[in-house]
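This is what each chain is made of:
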Amino acid sequence: MQCQSFPEQFRACVIGASGAIGAAFVSALQHNPRCAEVVALHRNSFPALDLTDEASIQSAAEQIKAQGPFHLIIHAAGILHQQEFMPEKKLADLNMAQMQATFMVNTFGPAIVLRHFSKLLDKQRGVFALLSAKVGSIED
C-alpha cells in the first residue's frame with residue numbers, strides 16, 4: 001500500500017479490523033515502512049468497538065486519542081448476516097428486526113463512528129474512508 005500523500009511516520013486506525021477487508025488493510029499498513037502505527041479496532045479488540053453501542057464507539061475513540069492524531073482512519077466494518085438471520089433472497093424473507101440490526105451496523109454505526117473519530121484526524125493531512133459493499137467478503 002503506497003501512501004505517498006501521508007507524512008513519514010503517519011498513524012492509521014482501521015475499524016472493522018477483524019473482517020477480511022479490514023484485516024487486509026491492517027496488514028498492508030503494518031508492512032508499510034512509512035506507517036509508524038496502526039490501531040486495529042473491532043468488537044473484541046482492546047478497546048472494543050461495537051457499532052450497535054454508541055458508548056462503546058465513544059469510549060474507543062477516547063481511549064486511542066492519545067495515540068493520534070491519525071492521518072488515516074478506515075471504517076471497513078459491516079454486516080450482511082449473523083447467526084440469527086441470513087441475507088434476504090425474496091420478499092417473504094424480509095424481517096423488521098433483521099433490517100433494524102442491519103441498519104444499525106451498516107448505517108447508524110458508521111455515522112456515529114464518524115462523529116466520534118473525525119476529531120482524531122490530523123488537521124492538515126487527515127483522511128477518513130468509509131467503505132460499503134453489497135457483499136463484504138473478499139471471497140464472495
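Everything below is about the structure printed above this text.
Nothing here was measured: the structure is a model prediction, and the numbers come from that model. (Residues numbered from 1 in each chain as written. Predicted model: local features only at pLDDT ≥ 70, side-chain atom pairs only at ≥ 80, totals over all residues. Heavy atoms only, no water.)

Help me understand the environment of Leu130 in this model?
Note that Leu130 resides in strand β4 (residues 127-130). Each C-alpha atom, one on Leu130 and one on Ala111, is 9.6 Å from the other, the two residues being 19 residues apart in sequence. (Helix = DSSP H or I, 4+ residues; strand = E, 2+ residues; numbered from the N terminus.)

Looking at this structure, I do not really get the pattern of salt bridges. What am I missing?
When their charged atoms lie close together, side chains carrying opposite charge are able to pair. Scanning the model with the defined rule gives 2 salt bridges in all. Close ionic contact of Glu8 with Arg34 constitutes a salt bridge, the shortest N to O distance being 2.8 Å. Taken as a pair, Glu8 in the segment before β1 (10-15) and Arg34 in the loop between α1 (20-30) and β2 (35-41) lie far apart in primary sequence, 26 residues in all. Arg115 serves as the salt-bridge partner of Glu54, at 2.7 Å between the closest nitrogen and oxygen. Placement of the pair is Glu54 in helix α2 (residues 54-64) and Arg115 in helix α3 (residues 96-117), with a sequence separation of 61 residues. Owing to a relative accessible area of 34%, Glu54 belongs among the partly exposed residues under this scheme. (Salt bridge = Lys/Arg side-chain N within 4 Å of Asp/Glu carboxyl O. Buried < 20%, exposed > 50% of the residue type's maximum accessible area, 1.4 Å probe, protein only.)

I'm lost on the sheet that holds β1 in this one. Help?
Strands belonging to one sheet form pairs held by backbone hydrogen bonds; the direction of such a pair is parallel or antiparallel. An order of β2-β1-β3-β4 is seen for the 4 strands of this open sheet, with the pairing classed as parallel. Either end of the sheet is taken by a strand with one partner, and the two such strands are β2 and β4. Neighbouring strand axes in the sheet, compared pairwise and without regard to direction, differ in orientation by 10° on average. (Pairing = 2+ DSSP bridges. Axes fitted to C-alpha atoms, helices over the stretch in contact; angles between N-to-C directions.)

Would you take a moment to explain the nonpolar core for this structure?
Side chains of a nonpolar character, in soluble globular proteins, are inclined to be buried together. Counting residues in each nonpolar core, the largest one holds 20 residues, and the members touching the most others are Cys13, Ile15, Leu41, Leu49, Ile64, Ile73 and Phe117. Those elements giving two or more residues to this core turn out to be β1, β2, α2 and α3. At 4 residues, the largest contribution of residues to this core is made by α2. With residues near it in sequence (within four places) discarded, Phe117 still touches Cys13, Ile15, Leu41, Leu49, Ile57, Ala60, Ala61, Ile64, Ile73 and Phe128. The next biggest cluster of nonpolar side chains, apart from the first, holds 12 residues, and it includes Ala12, Val26, Val38 and Ile74. (Core = buried A, V, L, I, M, F, W, Y, C linked by side-chain atoms within 4.5 Å. Contact = heavy atoms within 4.5 Å.)

Hey, could you run me through α2 in this one?
Side chains of residues three or four places apart in an α-helix project in the same direction, reflecting 3.6 residues per turn. Residues of α2 that are buried: Ser56, Ile57, Ala60, Ala61 and Ile64. Buried residues of α2 fall within an arc of 135° about the axis and therefore sit on the same side. Turned more than 90 degrees away from the buried face of α2, the exposed residues are Ala55 and Glu62. (Arc of directions from axis to C-beta.)

Quick question: what am I supposed to make of the environment of Pro69 here?
With respect to the helices and strands, Pro69 occurs in the loop between α2 and β3 (72-75). Judged by relative accessible area, which is 34%, Pro69 ranks as partly exposed. Along the backbone, Pro69 and Leu120 are 51 residues apart, and their C-alpha atoms lie at a distance of 5.3 Å. In this view, Pro69 contacts Arg11, Leu120, Leu121 and Asp122; residues no more than four positions away in its chain are not counted.

I keep staring at the environment of Ala101 and nothing clicks. Help me out?
Mapped onto the elements, Ala101 comes out in helix α3. On the basis of relative accessibility, which here comes to 23%, the residue Ala101 falls in the partly exposed class. Distance in space between the C-alpha atoms of Ala101 and Thr52 is 8.1 Å, their sequence separation being 49 residues.

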